[in-house]
Amino acid sequence: MGNKKRIGILTSGGDCPGLNCVIRAVISHATLTYNWEVLGIPYATQGLLERKAIALNMHGLDLRGIDPLLSMGGTILGTINKGDTLAHAGEIIASYEALGLDALIVICGDGSLAILHELASLGKWNLIAIPKTIDNDVALTERAIGFDTAVSTIVDALNRLTFTAPSHDRVMVVEVMGRAAGHLALHSGIAGGADVILIPEIPYSITSICRHLVELRVRWQRKFAIMVVAEGAKTANDSFSCTTAESSHAPVCGLGQYIAEQVDYCSAKKIDMRVSVLGHIQRGGIPSALDRLTATVFGKAAVDLVAQEKYGLMVAWQNGQAVAVPLKEVVAKSPLSVDPHSELVEVASSVGIYIGETV
Ligand code: F6P
């Protein structure tokens, strides 16, 4: 506890609101409570490869200076979510030693976690991870930084569409992020009053969607509807597959547009459809109160683990508190899919939402 440490911090994977709140908490606790040195590694493993580090301290970012980090989206350290990191493993691993780090705190999602865990095992780094992702698909934690803000951003969009849709008797298709996991679509769809939610884990059928929309019109005289479509949703035989841009995760086709065209066809053009693709709007913005709170709790917990010299762990949220879970286990169990038989899926269908074919 008494020995002065030099710790590194980096953000890796797609950005999200709340990353700067974690950075703020780590700097504050590490410098104010422990009087350690904190080095920010820019652009994740790219920064390590290039041996770059920025001193983050209470003098460079004094107490007033770091306050804006609470409300700033993005990451002041920069991040990457592509590239063949393991091809440069040797140089990256050596950088930890060259920078004289006693420990490294990484804020990342499941993809980066797996890579950083491997590098840490090979290089015998003292690693602590903090989960972040708007997809909320990191295993063994009930919360990941960024998810709550992204859900609120989508719900805000759904609120807006819920005014314009009935004015024109339209069906609005809202395409949201989620290539492999549908937590974001499921949570925001329920909270935002969607009539249809399509997620990668539960196959959908265009015929059933059409039937549902017609029933809303004929039986309930509800001529507008809101559909939330996760970008990776599929039919049982995967009739639409989205290719991804080279060296990127980003889909280059639009599932929302495809669904709208299919519904248009099966309803014999009787339903007026419009499509909104929320895209990276979901990754930007001001972090929510819950994300700020979780970020601050996680940042403090990560620094305390370093103080106790307990490594190879991820800070997680379980049963109302921050706990530490073995990184190895997190990597083995991630990404975490939506369980088609979960309570939330049951809740969705209980309030009349069409959520696919297995329910
Ligand atoms: O992994 C998070 C995520 O937001 C996905 O839901 C999305 O498909 C992807 O990142 C897009 O990443 P980018 O456009 O930054 O490559």
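Above this text you will find the structure in question.
Report follows, based on the coordinates. (Residues numbered from 1 in each chain as written. Predicted model: local features only at pLDDT ≥ 70, side-chain atom pairs only at ≥ 80, totals over all residues. Heavy atoms only, no water.)

## Quick look at the nonpolar core
General note: in soluble globular proteins, nonpolar side chains tend to be found buried as a group. Where we set the bar: Residues grouped as a nonpolar core are buried Ala, Val, Leu, Ile, Met, Phe, Trp, Tyr and Cys residues, joined through side-chain atoms within 4.5 Å. Classification of residues uses two cut-offs on accessible area relative to the type maximum, computed with a 1.4 Å probe and protein chains only: under 20% is buried, over 50% is exposed, and between them is partly exposed.
In this structure, I7, I105 and I130 are the most contacted members of the largest nonpolar core, which totals 63 residues. One finds A44, V106, L127 and V325 within the second-largest nonpolar core, a separate group that totals 27 residues.

## Here's the deal with the packing of helix α6 (residues 147-167) against helix α7 (residues 183-191)
Definition in use: Axes here refer to lines fitted to C-alpha atoms; in helices the fit is confined to the stretch in contact. Angles between the N-to-C directions go from 0 to 180 degrees. The helix count covers DSSP runs of H or I at least four residues long, the strand count covers runs of E at least two residues long, and both are numbered beginning at the N terminus. Note that the term roughly parallel is reserved for angles under 35 degrees, roughly antiparallel for angles over 145, roughly perpendicular for angles of 65 to 115, and oblique for everything else. When the near helix sits turned anticlockwise from the far one by under a right angle, the crossing is termed left-handed; a clockwise turn instead gives a right-handed crossing. The contact rule is simple, with two residues in contact once any of their heavy atoms fall within 4.5 Å.
Here α6 crosses α7 at 45 degrees, and the two axes come no closer than 9 Å. Classified by the interaxial angle, the pair formed by α6 and α7 is oblique. When you trace α6 past α7, the crossing you get is right-handed. Contacts between α6 and α7 involve F147, A150, V151, I154, V155 and L158 from the former and H183, L184, H187, S188, G189 and A191 from the latter.

## Here we look at the state of the cysteines
Filter applied, for reference: In this description, a disulfide is simply a cysteine sulfur pair whose atoms lie within 2.5 Å.
Overall, the coordinates contain one disulfide when judged by the stated rule. Each sulfur in the disulfide pair C210 and C266 lies 1.7 Å from the other. What sets the handedness of the C210 and C266 disulfide is the S-S torsion sign, and at about 45 degrees it is right-handed. Residue C210 is located in helix α8 (residues 206-218), and its partner C266 is located in helix α9 (residues 255-266); the two are separated by 56 residues in the primary sequence. Residue classification places C266 among the partly exposed positions, given a relative accessible area of 35%. Summary of cysteine pairing: C16 is not part of a disulfide, and the nearest cysteine sulfur, belonging to C21, is at 9.7 Å.

## A word on the packing of aromatic side chains
The test is simple: Between 30 and 60 degrees the pair is tilted, below 30 it is stacked and above 60 it is edge-to-face, where a pair is any two Phe, Tyr or Trp rings, Trp via its six-membered ring, whose centres lie within 6.5 Å. Criterion for a charge above a ring: Arg CZ or Lys NZ at most 6 Å from the ring centre, at most 35 degrees from the ring normal.
Under the counting rule described, the total for this entry stands at three aromatic pairs. For the ring pair Y96 and W125, a centre distance of 5.4 Å and an interplane angle of 15 degrees mean the geometry is stacked. Of the two residues, Y96 sits in helix α4 (residues 89-98) while W125 sits in the loop between α5 (110-123) and β5 (127-131), which places them 29 residues apart along the sequence. Owing to a relative accessible area of 6%, Y96 belongs among the buried residues under this scheme. On the basis of relative accessibility, which here comes to 6%, the residue W125 falls in the buried class. We note R143 situated over the ring of W317; from NZ or CZ to the ring centre the distance is 4.0 Å. Directly above the ring of F224 sits R222, whose terminal nitrogen or CZ lies 4.3 Å from the centroid.

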